[in-house]
Amino acid sequence: MDIQKVMVIGAGQMGSGIAQVCAMAGFSVVLQDLKDEFLDRGMGVINKNLQRQVDKERMTAAEKEEIIARIQTTTDIQAAKDVDIVIEAAVENMEVKSNIFRQLDEIAPAHAILATNTSSLPITEIAAATKRPEKVIGMHFMNPVPVMKLVEIIRGLATADEVYQAIEDMTKKLNKVPVEVNDFPGFVSNRVLMPMINEAIYTVYEGVATPEAVDEVMKLGMNHPMGPLTLADFIGLDTCLYIMEVLHEGFGDDKYRPCPLLRKYVKAGWLGRKSGRGFYVYE
Ligand code: NAI
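These lines cover the structure that appears in this document, whether it is placed above or below. All values derive from a computational prediction rather than experimental measurement. (Residues numbered from 1 in each chain as written. Predicted model: local features only at pLDDT ≥ 70, side-chain atom pairs only at ≥ 80, totals over all residues. Heavy atoms only, no water.)

1. Side note on the overall build of the chain
So, point 1. Each helix and strand counted, the chain has 11 helices and 8 strands in total.
So, point 2. Taken over C-alpha atoms, the radius of gyration comes to 19 Å for the chain, in line with the 19 Å a tight globule of 283 residues would show.
So, point 3. Taken over the C-alpha atoms alone, the chain extends approximately 55 × 45 × 30 Å along its principal axes.
So, point 4. Contacts spanning at least 24 positions in sequence make up 68% of the contacts within the chain whose residues lie at least 6 apart.
So, point 5. For the chain, the accessible area works out to roughly 13,600 Å², and carbon and sulfur atoms hold 52% of it.
So, point 6. Computing the positive centroid from 30 side-chain charges and the negative centroid from 39, the chain places the two 2 Å apart. (Helix = DSSP H or I, 4+ residues; strand = E, 2+ residues; numbered from the N terminus. Rg over C-alpha atoms; globule rule 2.2 N^0.38 Å. Contact = heavy atoms within 4.5 Å. Areas by Shrake-Rupley, 256 points an atom, 1.4 Å probe, with all protein chains shown as cover. Lys, Arg positive; Asp, Glu negative; His and termini not counted. Charge placed at Lys NZ, Arg CZ, Asp CG, Glu CD.)

Okay, structure coming up:
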């Protein structure tokens with residue numbers, strides 16, 4: 001399986017980062033989103049990230065321009081017609097993702113791999129929206145994509161071995177480290193991380209401590225580089241809530257019940273860093 005052209009769906013925090021690292025590794029990239037303004041915002045982030053590399057003399061201005069020139073943008077999903085792989089990074093919602101995969105299955109060439117960057121949704125269920133479940137796989141990048149080394153690769157029930165191998169090879173080409181896991185709610189990363197974040201939110205909800213105090217305890221006491229509430233704001237509180245709901249529904253255990261304070265913040269539009277306010281306020 002020779003991967004040369006990559007389509008990334010969704011130009012948000014994750015999609016823009018994935019497009020950037022793919023272009024940096026020499027792949028030709030087409031970045032798709034619903035509106036031009038979302039694409040502009042995504043390209044703006046990529047441009048800023050690369051400029052920082054130029055300023056630190058880790059890359060020349062010419063190299064930066066070459067990388068940017070490898071990324072085309074479009075609002076048309078038909079762009080999937082000549083790509084070798086699609087990496088979907090739209091919102092964490094099963095209906096949205098199933099819809100996208102149904103369309104991609106119709107449009108993308110028969111050999112194309114359809115990967116999803118979902119944080120928690122079942123790969124097997126996303127694959128069932130297509131007639132090529134053997135070519136559907138989870139490729140779970142961490143945030144911020146250009147910095148974080150891990151890619152959790154999730155096999156769906158029907159994922160073919162050669163598809164797994166192609167994704168593992170591509171991950172290494174992106175200068176990242178693949179870790180293979182099976183398809184269970186939250187995989188490994190978010191099954192372990194999200195209940196901790198949710199519990200941190202409960203401690204604020206119950207008045208045990210302020211967000212600053214909770215984060216300080218986990219940073220200084222447990223040697224976490226970032227406190228759980230700072231991290232939740234960084235991930236996006238809407239995404240955190242979606243993931244907790246997937247865990248709660250998937251395992252049916254009360255220990256995964258999303259904290260009411262998390263629901264309240266999301267309803268208020270306090271989504272964290274991306275909306276300017278979450279547990280903290282951002283300029
Ligand atoms: P985001 O809210 O920053 O970006 C999502 C983008 O998808 C938006 O630009 C939106 O316009 C676009 N979009 C929505 N529906 C679409 C459609 N039908 N077609 C094309 N584009 C569409 O969200 P973020 O944080 O980038 O998350 C994206 C995915 O990555 C989610 O599945 C999330 O669970 C996953 N993820 C998120 C991480 C995080 O830390 N935020 C980490 C790892 C995975």
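Still to come is the rest of the account.
2. Describing the sheet that holds strand β3 (residues 71–74)
Across a sheet, strands are paired by hydrogen bonds formed along the backbone, either parallel or antiparallel in direction.
So, point 1. If you trace the 8 strands from one edge of the open sheet to the other, you get β3-β2-β1-β4-β5-β6-β7-β8, paired in mixed fashion. Each end of this open sheet is capped by a strand with a single partner; those strands are β3 and β8 (177–182). Across the sheet, the mean angle from the axis of one strand to that of its neighbour is 25°, orientation sign disregarded.
So, point 2. Direction of pairing for strand β1 (residues 5–9) relative to strand β4 (residues 85–88): parallel, over a ladder of 4 bridges. (Pairing = 2+ DSSP bridges. Axes fitted to C-alpha atoms, helices over the stretch in contact; angles between N-to-C directions.)

3. Brief notes about the site of the ligand
So, point 1. What surrounds the ligand is a group of 25 residues, the closest being Met-14, Asp-33, Glu-92, Lys-97 and Ser-119.
So, point 2. One of the backbone N or O atoms of Gln-13 is found 3.0 Å from an oxygen atom in the ligand.
So, point 3. Protein contact buries 88% of the 840 Å² of open area that the ligand shows by itself.
So, point 4. At the level of elements, α1 (13–24), α4 (94–107) and β6 (136–141) are the ones that each hand at least two residues to the shell around the ligand. (Near = heavy atom within 4 Å. Polar contact = N/O pair within 3.5 Å; in protein donor to acceptor, adjacent residues only side chain to side chain.)

4. A short note on the environment of Phe-101
So, point 1. By secondary structure assignment, the location of Phe-101 is in helix α4.
So, point 2. On the basis of relative accessibility, which here comes to 0%, the residue Phe-101 falls in the buried class.
So, point 3. In the structure, Phe-101 is positioned 28 residues away from Ala-129 in sequence and 6.3 Å away in space, judged by C-alpha atoms.
So, point 4. For Phe-101, the residues in contact, after removing those within four places along its chain, are Glu-88, Leu-114, Ala-115, Thr-116, Ile-126, Ala-129, Thr-130 and Val-136. (Buried < 20%, exposed > 50% of the residue type's maximum accessible area, 1.4 Å probe, protein only.)

5. What about the packing of aromatic side chains?
Each pair of aromatic rings is reported with the distance of its centres and the angle of its planes.
So, point 1. Throughout the structure, instances matching the rule amount to 4 aromatic pairs.
So, point 2. Taking the centre distance of 6.1 Å and the plane angle of 70° together, the rings of Tyr-202 and Tyr-205 count as edge-to-face. You can see Tyr-202 and its partner Tyr-205 sitting in helix α7 (residues 189–205), 3 residues apart, about one turn around the helix.
So, point 3. When its relative accessible area of 12% is taken as the criterion, Tyr-202 is described as buried.
So, point 4. Each residue in the set Tyr-265, Trp-270 and Phe-279 is aromatic and connected to the rest through ring pairs, giving one cluster.
So, point 5. Arg-155 extends its terminal NZ or CZ atom over the ring of Tyr-164, reaching a point 4.5 Å from the ring centre. (Phe/Tyr/Trp six-rings, centres within 6.5 Å; stacked < 30°, edge-to-face > 60°. Lys NZ or Arg CZ within 6 Å of the ring centre and 35° of its normal.)

6. Brief notes about the nonpolar core
So, point 1. Core analysis: the largest hydrophobic core is formed by 40 residues, its most contacted members being Val-6, Cys-22, Ile-85, Ile-87, Met-139, Phe-141 and Met-170.
So, point 2. Looking at which element gives the most residues to this core, the answer is α1, with 6 residues.
So, point 3. When sequence neighbours within four positions are dropped, the list of residues in contact with Phe-141 reads Met-14, Ile-18, Val-21, Ile-87, Asn-117, Leu-150, Val-151 and Leu-174.
So, point 4. Listed in part, the 26 residues of the second largest apolar core include Met-94, Leu-104, Val-136 and Phe-187. (Core = buried A, V, L, I, M, F, W, Y, C linked by side-chain atoms within 4.5 Å.)

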